[in-house]
Amino acid sequence: MTENWIINASPLILLGKSGQLEWLPRLGRVIIPQAVAAEVAAGSPDDPARQWLSGSIAAALIEPTLPATDELLAWDLGHGETSVIACGMTHVGYEAILDDAAALRCAEVFGIPLRGTLSLVALAKKRGLVTACRPVFARMQAAGLFVTPALIEQVARSAGE
């Protein structure tokens, strides 16, 4: 089953630092708003996500940032989160991939389907693109993902671990 995703910078960075970006385009149709790509590109030159975005596969996923409504701008989110949600408001059938709590609440208010990076990894495992979630989750935590052990356990169990 092919699915559609609009992905934010922090999931891209975490997937890159945990060595998981190669399967992302195989999971489904991916949109990376230009504002998100710019946020990742502003990072360290040795950042794996920044390097991945400069390749031809990732470059084809980048789309122009759509204008945000006044209601969305009132949430005062970062440029990346705002662009992901604005894209989700116009691309019916796409899920937003976000980890920021405020952005998740905002997407819910606007009725945008969403999931976090952990559940995206769990889906990749279910589809045979990742052999085990827990090692990936550990690398993501080492790279800066702050989640509770209970959430790690819940998502790992949902992936059959």
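Report on the accompanying structure. In this text, all values refer to a predicted model and were calculated from it rather than measured experimentally.

1. Observations regarding helix α11 (residues 149–158)
- Among the residues of α11, those classed as buried are I152, V155 and A156. Projection of α11 onto a plane perpendicular to its axis shows the buried side chains occupying an angular sector of 100°, all on one side. Opposite the buried face of α11, by more than 90 degrees, sit the exposed residues A150 and R157.
- Where α11 is buried, its residues touch α9 (117–126) and α10 (133–142).

2. Examining α9
- With respect to burial, α9 is a largely interior element, eight of its 10 residues being buried.
- Every buried residue of α9 is listed here: T117, L118, L120, V121, A122, L123, A124 and K125.
- Remark: G128 follows α9 within two positions and exhibits a positive phi of approximately 80°.

3. Quick word on unusual backbone geometry
- One non-glycine residue, D76, lies in positive phi territory at about 55°.
- One can find D76 in the loop between α6 (70–73) and α7 (79–90).
- Under the relative-accessibility criterion, D76 is labelled exposed at 67%.

4. A closer look at the packing of helix α3 (residues 34–41) against α7
- Close contact between α3 and α7 brings their axes to 8 Å; oriented N to C, the two are set at 155°. Taken together, the axes of α3 and α7 are roughly antiparallel relative to one another. Here α3 and α7 pass one another in a crossing that is left-handed. Side by side, α3 and α7 meet where A35, V36 and E39 of the first sit next to H79, G80, S83 and V84 of the second.

5. Digging into the sheet that holds strand β4 (residues 95–97)
- Taken together, five strands build an open sheet; the order of strands is β3-β2-β1-β4-β5 and the sheet is parallel. Edge positions in the open sheet fall to β3 (62–63) and β5 (114–115), since each of these has one partner strand only.
- Summarising the sheet, strand β2 (residues 28–33) and β3 pair through two bridges and their orientation is parallel. In the strand pairing of β3, P33 is matched with E63.
- Helix-sheet contacts for α7 involve β1 (3–7), β2 and β4, and the interaxial angle to β1 is about 145°.

6. Looking at the pairing of β1
- Counting buried positions along β1 yields four of five residues, so the element is predominantly enclosed.
- Note: β1 against β2, four bridges, orientation parallel. Paired with E3 across the strands is G28, a residue of β2.
- The pairing of β1 with β4 spans three bridges and is classified as parallel. Note on β4: the bridge partner recorded for I6 is A96.

Criteria and thresholds
- Residues numbered from 1 in each chain as written.
- Predicted model: local features only at pLDDT ≥ 70, side-chain atom pairs only at ≥ 80, totals over all residues.
- Heavy atoms only, no water.
- Buried < 20%, exposed > 50% of the residue type's maximum accessible area, 1.4 Å probe, protein only.
- Helix = DSSP H or I, 4+ residues; strand = E, 2+ residues; numbered from the N terminus.
- Arc of directions from axis to C-beta.
- Contact = heavy atoms within 4.5 Å.
- Axes fitted to C-alpha atoms, helices over the stretch in contact; angles between N-to-C directions.
- Parallel < 35°, antiparallel > 145°, perpendicular 65-115°, else oblique.
- Left-handed = near helix turned anticlockwise from the far one by under 90°.
- Pairing = 2+ DSSP bridges.

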